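Coordinate inspection notes
Spelled out from the first residue to the last, the chains are:
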Amino acid sequence: MLFDKWLAELDRVFLERFGIDHIMGGFSEAEMKRDYEDGEDPVEWVERMGEKYDLDECGALGSKGYGW
C-alpha cells in the first residue's frame, strides 16, 4: 500500500472512531511516514494512539466532540 493510501485509511478510521484525523491530533508527516515504513497497519495505529492518549470513542450517532 502506498503512503497516501495508508494515510487516507488511517484518517478514515481515526475520524470514525475518535472524530479527529492525524492533523487535528498534531501528528507530523515525518511521524506518520516512520510508522508507515515500520509496517504498522492503519487500524493498529489508531488503536495504539487511542490507548496511548486515552481518547474517547465517538458514539454510534456521531462524535461527542473531539476525542481529546
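Here's a quick rundown of the structure. (Residues numbered from 1 in each chain as written. Predicted model: local features only at pLDDT ≥ 70, side-chain atom pairs only at ≥ 80, totals over all residues. Heavy atoms only, no water.)

Re the overall build of the protein
On a plain count of helices and strands, the protein comes out with 3 helices and 0 strands. By residue count, 37% of the 68 residues in the protein fall in the buried class. Accessible surface, the protein: about 4,500 Å² in total, of which carbon and sulfur atoms supply 50%. (Helix = DSSP H or I, 4+ residues; strand = E, 2+ residues; numbered from the N terminus. Buried < 20%, exposed > 50% of the residue type's maximum accessible area, 1.4 Å probe, protein only. Areas by Shrake-Rupley, 256 points an atom, 1.4 Å probe, with all protein chains shown as cover.)

Some thoughts on the nonpolar core
Membership of the largest hydrophobic core comes to 14 residues, with the highest contact counts inside it found for L10, F14, M32, W45 and V46. At the level of elements, α1 (3-18) and α3 (42-52) are the ones that each hand at least two residues to this core. The contacts of W45, once residues within four sequence positions are left out, are L10, F14, F27, M32, D35 and E40. (Core = buried A, V, L, I, M, F, W, Y, C linked by side-chain atoms within 4.5 Å. Contact = heavy atoms within 4.5 Å.)

A word on the packing of aromatic side chains
Under the counting rule described, the total for this entry stands at 8 aromatic pairs. Seen in terms of ring centroids, F3 and W6 are 6.0 Å apart; in terms of plane orientation they differ by 25°. Their pairing is stacked. Of the two residues, F3 and W6 both sit in helix α1, 3 residues apart, roughly one turn of that helix. Relative accessible area serves as the criterion here: at 3%, W6 is assigned to the buried category. Ring-pair connections join several aromatic residues into one group, and the members of that group are F14, F18, F27, W45 and Y53. Looking at K33, its charged tip hangs above the ring of F3, at a distance of 5.5 Å from the centre. (Phe/Tyr/Trp six-rings, centres within 6.5 Å; stacked < 30°, edge-to-face > 60°. Lys NZ or Arg CZ within 6 Å of the ring centre and 35° of its normal.)

With respect to the pattern of salt bridges
The full count for this structure, using the stated rule, is 8 salt bridges. For R12, the salt bridge identified is with E9, shortest N-O distance 2.8 Å. Note that R12 and E9 are positioned in helix α1 at a spacing of 3 residues, about one turn of the helix. Residue E9 is classed as partly exposed on the basis of its relative accessible area, which comes to 26%. In this structure, R48 engages E40 in a salt bridge whose closest nitrogen and oxygen atoms are separated by 2.8 Å. By relative accessible area, E40 is classed as buried at 16%. A single salt-bridge network, built from bridges that share partners, covers R34, D35, E40 and R48. (Salt bridge = Lys/Arg side-chain N within 4 Å of Asp/Glu carboxyl O.)

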